[in-house]
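# Remarks on the overall topology
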Amino acid sequence: MPFTLPDSCRIKGHSVLTSLCVALALVGCAGEVDLAKALDTAASWQSTARMTAEARRSGAITRTYAVQIDTEAKQALLELRHEVASAEHETTVGRRATASLDSLEQSIHALDAELRR
Amino acid sequence: MKKWSEVALGVVTSIGGFLEVGSIATAAQGGAEFGFQLAWVLLLGIASLAFLMEMTGRLAAVSGRTYVDLLRERFGVRFFLIPLVAVFTVSLLVLSAEIGGVSIALQMATGMAFRWWALPVTFIAWLLLWRGTFGVVEQGTAILGLVAISFAIAALKLHPQWTSLGAAFIPSLPSHDRARYWYLAVSILGASITPYLYLFYSSGAIEDKWTIEYLGVNRVTALLGNMFGGVLVISALVIAALVFAPRHIHVDRYEQLALLLTSPLGRAGFVLFLGTLCITCFGTTLEIALALAYLLAQGFGWSWSENLKPDKDARFSAAYSVLLLVAATPVLLGMDALALTNISMVLTAASLPVTVVPLLVLMNDGDTLRRHVNGWISNVALIVIAVLSVVLLFAALPFQIAGGG
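Residues numbered from 1 in each chain as written. Chains lettered and ligands numbered in written order. Predicted model: local features only at pLDDT ≥ 70, side-chain atom pairs only at ≥ 80, totals over all residues.

### A short note on the overall build of chain B
Cut-off, in case you're wondering: Helix and strand assignments come from DSSP, with helices taken as H or I runs of at least 4 residues and strands as E runs of at least 2, each series counted from the N terminus. Two things to know: the radius of gyration comes from C-alpha atoms, and the globule rule equals 2.2 Å times the number of residues to the power 0.38. Partly exposed residues are those falling between the two cut-offs: more than 12 but fewer than 20 other C-beta atoms within 10 Å of their own, whereas 20 or more means buried and 12 or fewer means exposed, with C-beta atoms placed from the backbone. C-beta atoms are first placed from the backbone for all residues, and any pair lying within 7 Å is then listed as a contact.
The helix and strand tally for chain B stands at 17 helices and zero strands. Computed over its C-alpha atoms, the radius of gyration of chain B comes to 20 Å, within 12% of the 22 Å expected for a compact globule of 405 residues. C-alpha atoms of chain B, sized along the principal axes, occupy 55 × 45 × 45 Å. The burial tally for chain B puts 59% of its 405 residues in the buried class. In chain B, the proportion of contacts linking residues at least 24 apart, taken out of those at least 6 apart, comes to 85%.

### Some points on the interface of chain B and chain A
One frequent convention defines the size of an interface as the accessible area lost when the parts assemble. This is how the line gets drawn: The classification used treats Ala, Val, Leu, Ile, Met, Phe, Trp, Tyr, Cys and Pro as nonpolar, Asp, Glu, Lys and Arg as charged, and all other residues, Gly among them, as polar.
With 24 residues of chain B at the interface, the matching set in chain A holds 26 residues. Of all the elements in the fold, those that place two or more residues in the side of chain B that touches chain A are helix 4 (67–110), helix 12 (262–300) and helix 17 (376–403) of chain B. The greatest single-element share of the side of chain B that touches chain A, amounting to five residues, is contributed by helix 17 of chain B. Here the residues of the side of chain B that touches chain A sort into 11 nonpolar, eight polar and five charged.

### Describing the packing of helix 2 (residues 21–34) of chain B against helix 11 (residues 215–243) of chain B
Residue and element names in this part refer to chain B. Definition in use: Whenever a helix is involved, its axis is fitted only over the stretch in contact; in every case the axis is a line through C-alpha atoms, and angles between N-to-C directions fall within 0 to 180 degrees. The sense of a crossing depends on the near helix, which, turned anticlockwise from the far helix by less than a right angle, makes the crossing left-handed and, turned clockwise, makes it right-handed.
Contact geometry for helix 2 and helix 11: axes closest at 7 Å, N-to-C directions at 35°. Between helix 2 and helix 11 lies a crossing of right-handed hand. Of helix 11, the residues touching helix 2 (which contributes Ser-23, Ile-24, Ala-27, Ala-28, Gly-30, Gly-31 and Ala-32) are Val-233, Ala-236, Leu-237, Val-238, Ile-239, Ala-240 and Ala-241. Among the residues making up the contact of helix 2 with helix 11, the classes are represented as 11 nonpolar, three polar and no charged.

### Description of the packing of helix 4 of chain B against helix 13 (residues 314–332) of chain B
Residues and elements named next belong to chain B. Put simply, helix 4 and helix 13 touch, their axes get as near as 8 Å, and they point 65° apart. In this structure, the crossing between helix 4 and helix 13 has a hand that is right-handed. Residues Leu-92, Leu-95, Ser-96, Ile-99, Gly-100 and Ser-103 of helix 4 touch helix 13, and the partners they reach there are Leu-323, Val-326, Ala-327, Ala-328, Pro-330 and Val-331.

### Topic: the environment of B:Arg178
Relative to the elements of secondary structure, B:Arg178 occurs in helix 9 (residues 178–192). Sequence separation of B:Arg178 and B:Phe399 is 221 residues, and the distance between their C-alpha atoms is 9.8 Å.

### With respect to the confidence of the model for chain A
Residues and elements named next belong to chain A. Our working definition: Here pLDDT means the predictor's own confidence in every residue, given as a number from 0 to 100.
Confidence in the prediction for chain A averages 77 pLDDT; 69% of positions are at 70 or higher. Here helix 1 (residues 8–30) is the element of chain A with the lowest mean pLDDT, 44, and helix 3 (residues 63–86) is the one with the highest, 93. Within the model, the stretch residues 1–33 combines pLDDT values under 50 with 16 contacts to residues more than four positions away or in other chains.

### Some thoughts on the environment of B:Thr122
All names here are of chain B. Mapped onto the secondary structure, Thr-122 falls in helix 5 (residues 118–131). Overall, the presence of 25 C-beta atoms within 10 Å leaves Thr-122 in the buried class. Residues Thr-122 and Pro-174, 52 residues apart in the sequence, show an inter-C-alpha distance of 40 Å. Beyond its immediate stretch of four places on either side in the chain, Thr-122 contacts Ile-99, Leu-324, Leu-325 and Ala-328.

### Section: the nonpolar core
We count it as follows: Nonpolar core, as used here: buried Ala, Val, Leu, Ile, Met, Phe, Trp, Tyr and Cys residues forming one set through C-beta atoms within 7 Å.
Residues B:Leu237, B:Ile239, B:Ala240 and B:Ala289 are the most contacted members of the largest nonpolar core, which totals 172 residues. If near-sequence neighbours (up to four positions away) are discounted, B:Ala289 is found in contact with B:Leu95, B:Ala125, B:Leu129, B:Tyr320, B:Leu323 and B:Leu324.

### Remarks on unusual backbone geometry
All names here are of chain B. Positive phi values are uncommon outside glycine, yet Asp-177 reaches one of about 45°. Secondary-structure assignment places Asp-177 in the loop between helix 8 (162–167) and helix 9. By the C-beta count within 10 Å, which is 18 here, Asp-177 ends up partly exposed. With a phi close to 55°, Lys-209 is a non-glycine residue in the positive phi region. Locating Lys-209 in the fold gives a position in the loop between helix 10 (195–207) and helix 11. Classification of Lys-209 as exposed rests on a count of 10 C-beta atoms within 10 Å.

### Looking at helix 2 (residues 34–57) of chain A
Let me state the cut-off plainly: How far a helix is expected to stretch is found by multiplying one less than its residue total by 1.5 Å.
Helix length check: helix 2 of chain A (24 residues) gives 34 Å between terminal C-alpha atoms against 34 Å at 1.5 Å per residue, within 8%. Downstream of helix 2 of chain A by a residue or two, A:Gly59 has a phi angle that is positive, lying close to 80°.

Here's what the structure looks like:
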């Protein structure tokens, strides 16, 4: 069968359709990785809070700025607790998530203590 | 002598102008999550922008007309509406993100919520555009923007492994989270190859009255400016890779970014970061507001020049006045500035074909460019950029959904 080029409309139609299918498939997969993402976010905020406390202790940042990070970290903790509570997961994964959020909470307490000095 | 001082100014403008909210945020996100691995994307973006700027500058210097003018004339008004709407929409979003960037920097410095800074920042930007000339906008932001060099100093102080960094300029696939990797790659390209940059550059060439004698200046400015500016963006990625990645810090909020320079530079780093974010975003706010007004004025045939008094080009001046106010609105409403930045960068990447593909035709038009049409190197580069832009058009949406969360 001789090779024939499709007309430009077909190229456009197929590409848009493929693009949309890929997008929908990816949206479908997105829910499954939510808990792993929440754990990553918790670890990230835990390190951010620690780094902020260290930077505040060494005088590298202002108190005004450290307070903002403290507020953001608390907001992140609140959202993550809600996310973990509403997600369906196995007991072991749930325990790991709770432990991770508790670590974040401890780092926030340490930052709070640094801010009270 | 005057020409070479313009080269120096052009390079200095690029140094300060290359770093802005989009490039800082996307490079820092890339470095924090994938180390040096996305450095090749930055290199690709920087090289693409250098080619596009050289071409639109050459087009303006030889023809005495801007790229937008020629686009409308060569392809007709009906076709022109496509790039007009696409570039206008995404640039307006980027303008919002830049106003957000200045406001966030001021929030981090003062503690006053960023939304309250939106109107004062917008007012000062408007006042500068209303009262100033093109030279004031260009030179003022260029000289103040030199504070961005602190990123290069910080990167050097962190002693990166040069062999690892060098290896990262060769494209490679990630070992984890592929969707996020490609999403960040698209965002970085969107932040690097922003249409307003080469549209502004083309209009700037007319404002500065470039002629055919300025082709050398154009080439050197596009090459050196992007090279030095690019070094600063790569520095942002390197710093994030060495400061954030080992601590597993992902950039979820702008506020986290100010910690970047504290590790290598201490208190000075904190102040320099806030200064860089504030000044470079403010400079970019002025440039985008002008670029959008240029786009409308050139598209609809209004008289335009930042060097004219506002009553001599009333519609042009009214355009940037209204656009600044419209762009400030999402910030004023407290919209998440980082999300706004990321969305605008991805949409910018998706909008590239409408300005890049027609350039291929214009740069080979002998009637317009005479003997200064593209050579084979420029044509190959432009074809590669055009193909890349089409890929980005179809990849942007899926990657935004899969990796943007």
